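Tertiary structure, described
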Amino acid sequence: MTFQDLQIDWLKCFVAVVDAGSLSGAAPAVNRSQSAVSMQLKKLEAALGCQLLVRGPRQRQLTPEGQRLLGYARRMLDLHAETQAAFHGEELTGRIRLGVPDDYAAKYLTPALKRFAPLHGAVEIELNCEQSTSLIPRVERGDLDLALISRDHPQRGTLLFHEPMVWVGSAQFQVWRRDPLPIAVYEDTSLARRGAINSLALQGRRYKVVYNSSSLAGQIAAVDSGLAVAVLTQCSAPAHLEILSSEHGLGPLEPMEVSVYRSRASQSSKSVDRLHSLLIKTLRHSLRPERDHSEA
């Protein structure tokens, strides 16, 4: 039996849609129109004889066959890119000192590094996980080359996206019913701490700080144990915790402006140039809000 060959462009579009969660988000990443991306996906599904993606409430969801294909597709694209780099690309070397808060590491940084590493295997990545308030001065001193941060003013780095902030609590303990409200917060300089206290002040709601920690794991533990409610980035909120809103007596929170921040000392590094550009391209494209909910 003869099977149709899979085209690299089909696989690129498939992976882009998975990473972006929508056709509209994937289109800029592959330099195609939304309709062209849709057509490439249809060709791929026709060649494999199965449906790869279904429409979810907010984004495209993988079918079991799509999940099966995804690992193969990423490996094929990585090998394709590695082959092209071997013949046409510039060999990059050196070390990149990269910083990221725990909140953003898994969801946002890991996919970008998975794209970077196969293409530039000779570049060593030194990863530092700390809060943005610690990363920013390290970038300014030149101790770090790049950092993904929640920025504290509009000129700090290149804006990538806005990350929603959410109140979280344990449904088992329902701490949000208490007065004054017990809260877990980050360090004094934390933007999340400032946002939480500002929100409560605007409501005129009484509170008491019962837990201080710069650790994301510590914040989650405080909520899990029924000690307090906390404010977390939406991407880091565990599924087992309840997202709290006005129904629970808690007001809205300002989102974080997430940017990539680069040191002046790294301006001459081609390796840092490449990763800096990849972070901007990947995260700006993949995190655009989906505008067309009727896309094919």
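Residues numbered from 1 in each chain as written. Predicted model: local features only at pLDDT ≥ 70, side-chain atom pairs only at ≥ 80, totals over all residues. Heavy atoms only, no water.

An unreviewed UniProt entry lists the protein chain under the name LysR family transcriptional regulator, from Marinobacterium rhizophilum. Checking UniProt for the protein chain, the heading Sequence similarities (unreviewed entry) contains the comment "Belongs to the LysR transcriptional regulatory family." (UniProt positions renumbered as here; feature names shortened; annotations may be inferred.)

**Looking at the sheet that holds strand 9 (residues 207–212)**
With respect to topology, five strands assemble into an open sheet ordered 9-8-10-7-11, the strand pairing being mixed. Taken across any chain shown, the strands that pair with only one partner, and hence form the sheet edges, are strand 9 and strand 11 (242–244). Geometrically, the sheet is characterised by an average inter-axis angle of 40° between neighbouring strands, direction not taken into account. With three bridges joining them, strand 7 (residues 165–169) and strand 11 adopt antiparallel strand pairing. Its bridge partner being in strand 11, Val168 is matched across the sheet by Ile243. The strands touched by helix 8 (residues 216–224) are strand 7, strand 8 (181–185), strand 9 and strand 10 (229–233); relative to strand 10, the strand with the most contacts, the crossing angle is about 140°. (Pairing = 2+ DSSP bridges. Helix = DSSP H or I, 4+ residues; strand = E, 2+ residues; numbered from the N terminus. Axes fitted to C-alpha atoms, helices over the stretch in contact; angles between N-to-C directions. Contact = heavy atoms within 4.5 Å.)

**What about the layout of surface pockets?**
Leftover empty space is mapped by rolling, across the atoms, a probe with the size of a water molecule. If you add up the space inside the second largest pocket, you get close to 300 Å³. As for the second largest pocket, its lining consists of 16 residues, and the residues nearest its centre are Leu191, Arg194, Gly195, Glu254 and Pro255. At eight residues, the largest contribution of residues to the lining of the second largest pocket is made by helix 7 (residues 191–203). Class assignment of the residues belonging to the lining of the second largest pocket gives a composition of ten nonpolar, three polar and three charged. (1 Å grid on protein atoms, 1.4 Å probe; cavity = no way out; pocket = protein on both sides within 12 Å on 5 of 7 lines; lining within 4 Å. Points joined across faces, edges and corners; volume = space filled by probe spheres on them. Nonpolar A, V, L, I, M, F, W, Y, C, P; charged D, E, K, R; others polar.)

**Regarding the packing of aromatic side chains**
Under the defined criterion, the tally for this structure stands at two aromatic pairs. Each ring, one from Tyr104 and one from Tyr108, has its centre 6.0 Å from the other, and the planes form 50°; the classification is tilted. With Tyr104 and Tyr108 both in helix 5 (residues 102–119), this residue pair falls four residues apart, about one helical turn. Look at Tyr104 and you get buried, because its relative accessible area is 1%. On the basis of relative accessibility, which here comes to 5%, the residue Tyr108 falls in the buried class. A centroid spacing of 4.6 Å and a plane angle of 55° characterise the contact between Tyr108 and Phe161, whose relative ring orientation is tilted. With a gap of 53 residues between them, Tyr108 in helix 5 and Phe161 in strand 6 (residues 158–163) connect regions that are remote in the sequence. No difference in accessibility class separates Tyr108 from Phe161, as the two residues are buried. By way of ring pairs, the aromatic residues Tyr104, Tyr108 and Phe161 are connected into one cluster. (Phe/Tyr/Trp six-rings, centres within 6.5 Å; stacked < 30°, edge-to-face > 60°. Buried < 20%, exposed > 50% of the residue type's maximum accessible area, 1.4 Å probe, protein only.)

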